[in-house]
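What the coordinates show
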Amino acid sequence: MSHARGDDPTEVAKSEIPEAPGAEVPGSPEPAGPGAVPPSAGRASTGKPAKIKRTRVSGTWISVIVAIIVLVLLLIFILQNLDTATVHFLGANGSMPLAVAMLFAAIAGAALVALVGGARILQLRKQARRPRR
């Protein structure tokens, strides 16, 4: 004859086994006997939720969300300004959509700023490595 799990008459239920004093299992709910104090009763309740600390990961997610919004706005700008413009640069000329030409100009400006900024950072690092007199 087969018995369902826990129906074996020879098996003693866990609730029937007496536990030794001080043998509480960590993480298990404490018995609510007479005079038992709930674990949260010792804490002062201010009614405010606990403040969550910011982390690098949360900062990265905020940066990613801002970058996505900027890219969507940039895409809208490009799609609304598809009129062809003739571009002349250092003797070369060509035609391309106006928004794409403006995007290339913005990228070139950002690259120029990054180049000058990188040179200044290298200069400061070199100066910081020198022994002081």
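Residues numbered from 1 in each chain as written. Predicted model: local features only at pLDDT ≥ 70, side-chain atom pairs only at ≥ 80, totals over all residues. Heavy atoms only, no water.

1. Description of the overall build of the chain
- Counting its secondary structure elements, the chain contains 2 helices and 2 strands.
- Start at the N end of the chain and walk to the C end: the helices and strands fall as α-β-β-α.
- Looking at the chain as a whole, 3% of its 133 residues qualify as buried.
- Approximately 13,000 Å² of the chain is accessible, and the part contributed by carbon and sulfur atoms is 64%. (Helix = DSSP H or I, 4+ residues; strand = E, 2+ residues; numbered from the N terminus. Buried < 20%, exposed > 50% of the residue type's maximum accessible area, 1.4 Å probe, protein only. Areas by Shrake-Rupley, 256 points an atom, 1.4 Å probe, with all protein chains shown as cover.)

2. Observations regarding the UniProt feature "transmembrane region" (unreviewed entry) in the chain
- According to UniProt, the feature "transmembrane region" (unreviewed entry) maps to residues 61-79 and 99-122 in the numbering used here.
- As a span, residues 61-79 carries 100% helix and 0% strand, and end to end its C-alpha atoms are 27 Å apart.
- Structurally, residues 99-122 is divided into 100% helix and 0% strand, and its ends, taken at the C-alpha atoms, are 34 Å apart. (UniProt positions renumbered as here; feature names shortened; annotations may be inferred.)

3. A closer look at the pairing of strand 2 (residues 92-97)
- Of the strand pairs in this sheet, strand 1 (residues 84-89) and strand 2 are connected by 6 bridges, and their pairing is antiparallel. The partner of T86 across the bridge, within strand 2, is S95. (Pairing = 2+ DSSP bridges.)

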